[in-house]
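So you can see what is in the structure, the chains are spelled out below.
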Amino acid sequence: PEINRSRWDLYGVNKEDHCNWKVIKCVDCRITGISLSFQKLQGFISPEINQLLKLTSLNLDRNSITGTIPKEIGDLDMLEYLDLSENELEGSIPDEFSNLLNLKRLKLYSNSVGGSIPKKLGDCLNLLELSLYENFLTGTIPE
């Protein structure tokens, strides 16, 4: 997503070292968490998000993110927490989310996501919370 650069100073951003940013969590200089809730972010989520191989938490809720949910998020096999709620996302929930076997919390509520919930999402046995309300989903919740 595009980021309003004037707000970065509020979060202690050092352009040289992203691991010192208050909105980024790192372990061994690898990004493991991104928390950019309620930042007035606009734009789309890049498919290149899948390059953050150690990412365990992605929180982009309450912004103005548009477009579809990139299927490449399904490549983030260490992801435990995904919150894209209260944005302007469309399309469907990617089938690739069934690859997120470590996922514990999935929050996509208050978007314009449609279609059915992928049946293979039921393969995510660690999933404790699934929040999908206020979308245009059809069908049943997979077991």
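Before reading further, recall that the structure is shown in the block above.
Our subject in this report is the structure included herewith. (Residues numbered from 1 in each chain as written. Predicted model: local features only at pLDDT ≥ 70, side-chain atom pairs only at ≥ 80, totals over all residues. Heavy atoms only, no water.)

**Concerning the overall build of the protein**
Thinking step 1. Across its full length, the protein holds zero helices and eleven strands.
Thinking step 2. Listed by position from the N terminus, the elements making up the protein come as β-β-β-β-β-β-β-β-β-β-β.
Thinking step 3. Residue burial in the protein is summarised as follows: out of 143 residues, 41% are buried.
Thinking step 4. When contacts within the protein are restricted to residue pairs at least 6 apart in sequence, long-range pairs at least 24 apart make up 43% of them.
Thinking step 5. When the accessible surface of the protein is split by element, carbon and sulfur atoms take 48% of a total near 8,300 Å². (Helix = DSSP H or I, 4+ residues; strand = E, 2+ residues; numbered from the N terminus. Buried < 20%, exposed > 50% of the residue type's maximum accessible area, 1.4 Å probe, protein only. Contact = heavy atoms within 4.5 Å. Areas by Shrake-Rupley, 256 points an atom, 1.4 Å probe, with all protein chains shown as cover.)

**As for the state of the cysteines**
Thinking step 1. Within this structure, the stated rule accounts for one disulfide.
Thinking step 2. No disulfide involves Cys29; its sulfur sits 5.2 Å from the nearest other cysteine sulfur, which is in Cys19.
Thinking step 3. For Cys29, a relative accessible area of 65% puts it in the exposed group. (Disulfide = S-S within 2.5 Å.)

**Observations concerning the pattern of salt bridges**
Thinking step 1. Summed over the entire model, instances satisfying the criterion amount to four salt bridges.
Thinking step 2. Glu80 serves as the salt-bridge partner of Lys104, at 3.9 Å between the closest nitrogen and oxygen. One end of the pair, Lys104, is in the loop between strand 7 (88–90) and strand 8 (105–107); the other, Glu80, is in the loop between strand 5 (64–68) and strand 6 (81–83), with 24 residues separating them in the sequence.
Thinking step 3. Relative accessible area serves as the criterion here: at 34%, Lys104 is assigned to the partly exposed category.
Thinking step 4. Among the ionic pairs, Glu129 bridges to Arg105, the shortest N-O distance being 3.3 Å. One end of the pair, Glu129, is in strand 10 (residues 129–131); the other, Arg105, is in strand 8, and 24 residues separate them in sequence. (Salt bridge = Lys/Arg side-chain N within 4 Å of Asp/Glu carboxyl O.)

**Here's the deal with the side chain of Asn63**
Thinking step 1. Structurally, the position occupied by Asn63 is in the loop between strand 4 (57–59) and strand 5.
Thinking step 2. Residue Asn63 is classed as buried on the basis of its relative accessible area of 7%.
Thinking step 3. Among the polar contacts made by the side chain of Asn63, one reaches the main-chain carbonyl oxygen of Asp61 at a distance of 3.0 Å.
Thinking step 4. The contacts of Asn63, once residues within four sequence positions are left out, are Leu36, Ser37, Phe38, Gln39, Lys40, Leu41, Glu86 and Asn87. (Polar contact = N/O pair within 3.5 Å; in protein donor to acceptor, adjacent residues only side chain to side chain.)

**Re the environment of Pro118**
Thinking step 1. Residue position: Pro118 is located in the loop between strand 9 (114–116) and strand 10.
Thinking step 2. On the accessibility criterion, Pro118 (7% relative accessible area) is buried.
Thinking step 3. Setting aside residues up to four positions removed in sequence, Pro118 forms contacts with Ile93, Pro94, Asp95 and Pro142.

**Quick look at unusual backbone geometry**
Thinking step 1. Even without glycine at this site, Phe38 takes up a positive phi of about 50 degrees.
Thinking step 2. Its place among the elements puts Phe38 in the loop between strand 2 (30–35) and strand 3 (42–43).
Thinking step 3. You will see that Ser110, though not glycine, has its phi angle at about 55 degrees, which is positive.
Thinking step 4. Mapping Ser110 onto the fold places it in the loop between strand 8 and strand 9.
Thinking step 5. Exposure remark for Ser110: the relative accessible area of 16% places this residue in the buried category.

**Thoughts on the sheet that holds strand 5**
Thinking step 1. The parallel open sheet is built from three strands, whose spatial order is 3-5-7. Single-partner strands in this sheet number two, and they are strand 3 and strand 7. (Pairing = 2+ DSSP bridges.)

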